[in-house]
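Examination of the molecular architecture
For reference, the chains in residue letters:
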Amino acid sequence: MTENTDVVVVGGGYAGVMAANRLTQRHDVTVTLINPRPTFVERIRLHQLVGGSHDAVLDYRKVMSERVRLVVDTVTRIDAAARSVTLATRGTVGYDYLVYAVGSGSADPQVPGAAEFAHPIGGLEEAQRLRPVVDAAPATAAVTVVGAGATGIETAAELAEEGRTVTLVCGGVLGPSLHPRGRRSVARRLAVLGVTVLEGPDTKVTAVTRDAVRLSDGRELPSEVTIWTTGFGVPDLAARSGLSTDALGRLLTDETLTSVDDVRIVAAGDSAAPSDLPFRMSCQAAVQLGPQAAETVLSRLAGEQPAPIDVGFVSQCISLGRRAGVFQLTGRDDTAKGFYLGGRPGAKIKELICRGIPWQLAYEARKPGARTWWAKDAKRRQLLQTRRHEAPATERTA
């Protein structure tokens, strides 16, 4: 009789669920997913939770195979030598292979007063705490959103469409990842919604108080509700467990997503740093990395050499309230192109994508391994080859 293999997936976000589902294609593999909450979080909808148009959660059974065992708990330590994880409830779970998919969240703000008086939005509980704060504020209350990436833009637009008085503090350029054409489309829609957009190098936030935001040019903006959307961090589980990480704390892996410390540990999603060249933290990367992490495990079980990852980007999509959006095409290396769709067509595409991702997870649950196409980024492979040629002879390469 074939011996059963136990695989533990730590983290139940986009990458973790995709990995868990893909692993079920082998019936001699038992998959356990450990996650701190009992529901799946649609992180790409958290701005809607703050705006009151969506609760941003799904039942796991709508997106995850019934063959995956869900353990609602938090992993506090990975013991690679013993091949086990310690849980917050003080129990342990053993594994033959582990998929590290703990994701990302809000980074600790380094600006004085931000941790005390600003509201982050990087996680479900943070967004849930912010919603009643917004509800309790008077309709005329000044709301300041700090950070002009996709999360900041979407949050500002969502609240402005609700009738709030919103100022978006960019700290630089509005939508820095967008092409100038897409950026202008975003600016026009924010203007229609009444959002005050503060751009430029002098708009960096230097301090946050209970009722104001101070900028580097000396201005002080009244702010009854301050929302902080700049920067993402990752849990320190890998570092606490003695595993090698990059400067941000992502698990260092080779190009097969295998930990540089332990062949039994594979990473996926925002918490992975393959060849110390991590991908942009995004759902788009996570749904590609999750299945490929699972394929690395399955290849080893089959006695085969795992394939190197192939991840590429297609687009960026930003909602601007419920009635408009921007769909920005990108190169596979995530560089924005000049073509975009704005307005209502952009909103429809964004909503289609948001609905399509749970469908994609559920499809993998029903037919694990059916999806084999990945966008390929040739520029990444060129960069890796250059790095290998420049590396000293004693340096480990992927």
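Residues numbered from 1 in each chain as written. Predicted model: local features only at pLDDT ≥ 70, side-chain atom pairs only at ≥ 80, totals over all residues. Heavy atoms only, no water.

This part covers the nonpolar core. Formed by 39 residues in total, the largest nonpolar core has its most connected members in Tyr14, Val17, Leu23, Phe40, Val99 and Leu289. Mapped by element, the contributors of at least two residues to this core are β1 (5-10), α1 (14-23), β2 (29-35), β9 (97-100), α8 (283-301) and α9 (343-366). The element contributing the most residues to this core is α8, with 9 residues. (Core = buried A, V, L, I, M, F, W, Y, C linked by side-chain atoms within 4.5 Å. Buried < 20%, exposed > 50% of the residue type's maximum accessible area, 1.4 Å probe, protein only. Helix = DSSP H or I, 4+ residues; strand = E, 2+ residues; numbered from the N terminus.)

On to the environment of Ser319, then. Structurally, Ser319 can be placed in strand β23 (residues 315-319). Assessed through its relative accessible area of 3%, Ser319 is described here as buried. Discounting chain neighbours no more than four positions away, the residues touching Ser319 are His47, Glu154, Ala157, Glu158, Ala324, Gly325 and Lys350. At a separation of 2.9 Å, a polar atom in the side chain of Ser319 contacts the side chain of His47. (Contact = heavy atoms within 4.5 Å. Polar contact = N/O pair within 3.5 Å; in protein donor to acceptor, adjacent residues only side chain to side chain.)

This next bit is on unusual backbone geometry. For Arg83, which is not glycine, the phi dihedral falls at a positive 50°. By secondary structure assignment, the location of Arg83 is in the loop between β6 (75-79) and β7 (84-87). Even without being a glycine, Asp334 presents a positive backbone phi close to 80°. In this fold, Asp334 is placed in the loop between β24 (325-330) and β25 (336-341).

Okay, the UniProt feature "domain: FAD/NAD(P)-binding" (unreviewed entry) in the chain next. Following the UniProt record, the feature "domain: FAD/NAD(P)-binding" (unreviewed entry) maps to residues 6-287 here. With 24% helix and 29% strand, residues 6-287 has end C-alpha atoms that lie 22 Å from one another. (UniProt positions renumbered as here; feature names shortened; annotations may be inferred.)

An order of β6-β7-β8 is seen for the 3 strands of this open sheet, with the pairing classed as antiparallel. Where the open sheet ends on each side, the last strands, each with one partner, are β6 and β8 (92-94). The sheet shows a mean angle of 20° between the axes of neighbouring strands, taken without regard to direction. Looking at chain direction, β6 and β7 are connected through 4 bridges and run antiparallel. Residue pairing across strands places Asp79 opposite Ser84, the latter belonging to β7. (Pairing = 2+ DSSP bridges. Axes fitted to C-alpha atoms, helices over the stretch in contact; angles between N-to-C directions.)

As for its placement among the helices and strands, Val31 is situated in strand β2. Along the backbone, Val31 and Ser216 are 185 residues apart, and their C-alpha atoms lie at a distance of 51 Å. Aside from chain neighbours lying at most four places away, what touches Val31 is Val7, Val9, Ala20, Leu23, Thr24, Arg67, Val68 and Arg69.

As a further point, take the environment of Pro38. With respect to the helices and strands, the residue Pro38 is situated in the loop between β2 and β3 (39-41). Overall, the relative accessible area of 52% leaves Pro38 in the exposed class. On a C-alpha basis, the gap between Pro38 and Val71 in space is 8.2 Å, while along the polypeptide they are 33 residues apart. Excluding anything up to four places from it in sequence, Pro38 contacts Tyr60, Leu70 and Val72.

Attention now goes to the pattern of salt bridges. In total, this model carries 22 salt bridges according to the counting rule given. Put simply, Arg77 and Asp79 hold a salt bridge, and the shortest N to O gap is 3.7 Å. Classification of Arg77 by relative accessible area gives partly exposed; the value is 39%. Since its relative accessible area comes to 24%, Asp79 is described here as partly exposed. Taken together, the salt bridges that share partners define one network made up of Glu42, Arg45, Glu158, Arg322, Glu351 and Arg355. (Salt bridge = Lys/Arg side-chain N within 4 Å of Asp/Glu carboxyl O.)

So, on to the packing of aromatic side chains. By the definition in use, this model includes 3 aromatic pairs. Aromatic pair Phe40 and Tyr60: ring centres 6.0 Å apart, planes at 70°, arrangement edge-to-face. A residue pair is termed long-range when its members are at least 10 positions apart, and Phe40 in strand β3 and Tyr60 in the loop between β4 (57-59) and β5 (68-72) qualify at 20 residues. Overall, the relative accessible area of 0% leaves Phe40 in the buried class. On the basis of relative accessibility, which here comes to 1%, the residue Tyr60 falls in the buried class. (Phe/Tyr/Trp six-rings, centres within 6.5 Å; stacked < 30°, edge-to-face > 60°.)

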